[in-house]
Amino acid sequence: MTSWLPWSRRGEAVIASGAEWTILRPLFPAINSLAFGPQVRAGDVIRAPYLHGASSAIHEHDVAA
């Protein structure tokens, strides 16, 4: 893990616990995708920073409170 990330120590503790784990870092909630609808329907190109970066949207209901 990358130590400068704020969730790093917590993530490392979960991994070290030996329990089964999945770490979600919801940086792009899936509902935000709805904002692109009008732009896509108009035939526009959606531009975003980090052209070669990989990211997956996470549905809000999949993130525990």
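Refer to the preceding data block for the structure.
Only a predicted model underlies this, so the values are computations on that prediction, with no experimental measurement involved. (Residues numbered from 1 in each chain as written. Predicted model: local features only at pLDDT ≥ 70, side-chain atom pairs only at ≥ 80, totals over all residues. Heavy atoms only, no water.)

With that settled, consider the overall build of the chain. A tally of helices and strands in the chain yields two helices and zero strands. Residue burial in the chain is summarised as follows: out of 65 residues, 8% are buried. When contacts within the chain are restricted to residue pairs at least 6 apart in sequence, long-range pairs at least 24 apart make up 50% of them. Accessible surface computed for the chain: about 5,900 Å², of which carbon and sulfur atoms make up 59%. (Helix = DSSP H or I, 4+ residues; strand = E, 2+ residues; numbered from the N terminus. Buried < 20%, exposed > 50% of the residue type's maximum accessible area, 1.4 Å probe, protein only. Contact = heavy atoms within 4.5 Å. Areas by Shrake-Rupley, 256 points an atom, 1.4 Å probe, with all protein chains shown as cover.)

Right, let's talk about the environment of Pro-29 for a bit. Its place among the elements puts Pro-29 in the loop between helix H1 (8-16) and helix H2 (37-41). In the structure, Pro-29 is positioned 31 residues away from Glu-60 in sequence and 6.2 Å away in space, judged by C-alpha atoms. Contacts of Pro-29, omitting those with residues within four sequence positions, involve Ile-58 and Glu-60.

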